[in-house]
Amino acid sequence: NGRMRPAGLTLILGMLTIALACAGEKAAPTPAAPAGATVDPATAGTLNAIVTFEGDVPKADMITITGDPKCVSENGAPQRASETLIVGDNKAIQNVFVYVKDGLNSFVFPIPSQPVVLDQDKCRYSPRVLGVRVGQPLQIRNSDPLLHNVRSNAVINQAFNKSTPVEGMTFDHAFATREVMVPFKCDVHGWMAAYVGVIEHPYFATTGADGKASIANLPPGTYTIEAWHESLGAKTQQITIGAKETKDVSFSFAR
């Protein structure tokens, strides 16, 4: 036990110890966000999406609304253009729901108490495409002086069917879990439709007339981004956003 180790063996052991230490330093991973983490606004970035149409833009269908004279009175005409596909200048597509599909599992987000409003106005749903958080109130409002019926055709969440017979009437509903998308219809006026994206986090937006949607305060990371349209389907892209980075992403759809 008291004998000295050979000098060569001691040297080899020492070099091995140093090599392992250096290897350990190089392999040290970047710490991931701890479970239950909150977003640091100082490092958060922004995602800007633009959605366009490929090919010749189809002419919008016309919807006849003479089945309810009050709807004709509210609109000032017996017909109006369908909102199923709205393509504007530079082939920009309106009413595309853009959201972070995955990549946020480590974070938690407080649920807003302020409701998101889905209005029944001039015999149409407004907005036609919108998002709401899981557990956040969705307030359905009737701004028309006539009877509407609100039917949610949820598949994962519980569906419901309620009438709103009085102008100014509202009711609230909260969804229990994520579902993209929940269709809404009116049984009284068959052309009325809306689509609600129920998301567990706040990173979603709907394209406007310019085909653009912006998602701010997004923590650095790698995400799958989905763009969903009611008649054109859905497309995804994977993006990586760095600290304080503004990332542009584009989607194109065709019939």
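Further up the page is the structure itself.
Report follows, based on the coordinates. (Residues numbered from 1 in each chain as written. Predicted model: local features only at pLDDT ≥ 70, side-chain atom pairs only at ≥ 80, totals over all residues. Heavy atoms only, no water.)

Within a beta sheet, neighbouring strands are joined by backbone hydrogen bonds and run either parallel or antiparallel to one another. Ordered in space as β14-β4-β16-β17, the four strands form an open sheet in which the pairing is antiparallel. The sheet is open, and its two edges are formed by β14 (204-206) and β17 (233-241), each paired on a single side. Neighbour to neighbour, the strand axes of the sheet diverge by 25° on average, direction disregarded. Taken together, the five bridges between strand β4 (residues 97-102) and strand β16 (residues 221-229) define a ladder with antiparallel strand orientation. Bridge assignment links Phe-97 to a residue of β16, and that residue is Trp-228. (Pairing = 2+ DSSP bridges. Helix = DSSP H or I, 4+ residues; strand = E, 2+ residues; numbered from the N terminus. Axes fitted to C-alpha atoms, helices over the stretch in contact; angles between N-to-C directions.)

Let us now look at the nonpolar core. Formed by 29 residues in total, the largest nonpolar core has its most connected members in Ile-93, Val-98, Leu-104, Tyr-203, Leu-218, Tyr-223 and Ile-225. Of all the secondary structure elements, the ones that give two or more residues to this core are β1 (45-53), β4, β15 (212-218), β16, β17 and β18 (246-253). Counting residues per element, this core draws most heavily on β1, which supplies four residues. Apart from the residues within four sequence positions on either side, Val-98 is in contact with Ala-49, Val-51, Tyr-203, Phe-204, Ala-205, Thr-207, Ala-213, Ile-215, Ile-225, Glu-226 and Ala-227. One finds Val-132, Val-134, Phe-171 and Phe-184 within the second-largest nonpolar core, a separate group that totals 26 residues. (Core = buried A, V, L, I, M, F, W, Y, C linked by side-chain atoms within 4.5 Å. Buried < 20%, exposed > 50% of the residue type's maximum accessible area, 1.4 Å probe, protein only. Contact = heavy atoms within 4.5 Å.)

Let us look at the state of the cysteines. Across all of its chains, the model carries one disulfide by this definition. Shown here is the disulfide that connects Cys-71 with Cys-123, its sulfur atoms set 1.9 Å apart. Because the sign of the S-S torsion sets the handedness, a value of about -85° for the bond joining Cys-71 and Cys-123 places this disulfide among the left-handed ones. Within this pair, whereas Cys-71 is found in helix α2 (residues 69-75), its partner Cys-123 is found in the loop between β5 (116-120) and β6 (125-126), the two being separated by 52 residues in sequence. In terms of burial, Cys-71 and Cys-123 fall into one category: buried. (Disulfide = S-S within 2.5 Å.)

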